[in-house]
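Structural features, examined
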Amino acid sequence: MSTVTDTPVETLEDLMQRFAQGDDSAFETLYQRVSPGLLGKLSKSANDPERARDVVQNTFLKLFRARERYVPGAPVLPWISVIAKRALIDEVRPQNIKREVLSQDGQLPESSDAFTPTAEESLQLAEALGQIPAQYRDAIELTKLEGLSGQEAARELHTTAAAIKQRVRRGYEQLRELLTGSVEPLPAF
């Protein structure tokens, strides 16, 4: 008589950790397990099966590139969902939107031609964004870096346009303090 042994199925978190440590087969397994459900969700949001497939591919490309930022044991599905939402926004956003980037002194330039950040400044901003609370970071990324209106960002984050404006303002204050050490109030916008 033979006995069947149950082999435990690796969690998504285990797969992601293995992939972050360089095991490419773990990425393939992660893709096989997550992509069908993700495609189903994105098909509803994108209203276009081809676009949804493109977004899934872009999501996993971004995940591949971000593997070194994975915190071992952190939930993988919420992280992938956020990446997918942003990939979908990138896919449907008009390509002619000007992006605004904070200067080293924490100010927005008057026009996008007035300031082009260096690679070091971009890295400093990315690091500072990573240090502020997620609600502020998300509001800034959606409105100032991805070009969504306050209403669009509010829908994305399930809040109000007024809350988005407040989060952006508070996020700017924290960014200014991180980048310059200054806590002076921001000019009205």
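Keep in mind the model is a prediction, meaning the values are calculated, not measured. (Residues numbered from 1 in each chain as written. Predicted model: local features only at pLDDT ≥ 70, side-chain atom pairs only at ≥ 80, totals over all residues. Heavy atoms only, no water.)

1. Observations regarding the side chain of T143
In this fold, T143 is placed in helix α6 (residues 134–145). A relative accessible area of 13% means that T143 is categorised as buried. At 2.7 Å, the side chain of T143 forms a polar contact with the backbone oxygen of A139. (Helix = DSSP H or I, 4+ residues; strand = E, 2+ residues; numbered from the N terminus. Buried < 20%, exposed > 50% of the residue type's maximum accessible area, 1.4 Å probe, protein only. Polar contact = N/O pair within 3.5 Å; in protein donor to acceptor, adjacent residues only side chain to side chain.)

2. So, α6
Looking at α6, one finds that the buried residues are Y136, D138, A139, I140, E141, L142, T143 and K144. G147 sits one or two positions beyond α6 and adopts a positive phi of about 80 degrees.

3. Some words on the pattern of salt bridges
Once the charged atoms of two side chains with opposite charge are near each other, the side chains can pair. Applying the stated criterion across every chain yields a total of five salt bridges. Residues R18 and E10 are paired through a salt bridge, measuring 2.4 Å at the closest nitrogen-oxygen approach. By relative accessible area, R18 is classed as partly exposed at 26%. Across the pair E141 and R86 runs a salt bridge, and its minimum N-O distance is 3.0 Å. Placement of E141 in helix α6 and of R86 in helix α4 (residues 76–92) is noted, with a sequence separation of 55 residues between them. The exposure class of E141 is buried, given its relative accessible area of 15%. R86 sits in the partly exposed class, given a relative accessible area of 22%. The network of salt bridges with common partners includes E10, R18 and D23. (Salt bridge = Lys/Arg side-chain N within 4 Å of Asp/Glu carboxyl O.)

4. Things to note about the confidence of the model for the chain
The pLDDT averaged across the chain works out to 78; a share of 75% of its residues lies at or above 70. Looking across the chain, the model is least confident in helix α5 (residues 119–131), with a mean pLDDT of 72, and most confident in helix α1 (residues 12–20), with 93. Segment residues 111–115 is flagged for pLDDT under 50; beyond a separation of four residues in sequence, or across chains, it makes nine contacts in the model. Across residues 185–189, confidence stays below pLDDT 50; counting only partners more than four residues off in sequence or on other chains, it has 14 contacts. (pLDDT = per-residue confidence, 0-100. Contact = heavy atoms within 4.5 Å.)

5. Concerning the packing of aromatic side chains
Inspection of the entire model under this criterion finds six aromatic pairs. When the ring of F19 is compared with that of F27, the centres are 4.7 Å apart and the planes differ by 35 degrees; the resulting orientation is tilted. We classify F19 as buried; its relative accessible area is 1%. Ring geometry for F27 versus F64: centroids 5.4 Å apart, planes at 80 degrees, classification edge-to-face. With F27 in helix α2 (residues 24–46) and F64 in helix α3 (residues 49–65), the pair connects residues that are 37 residues apart, well separated along the chain. The exposure class of F64 is partly exposed, given its relative accessible area of 32%. Three or more aromatic residues joined by ring pairs form one cluster here, namely F19, F27, Y31, F60 and F64. (Phe/Tyr/Trp six-rings, centres within 6.5 Å; stacked < 30°, edge-to-face > 60°.)

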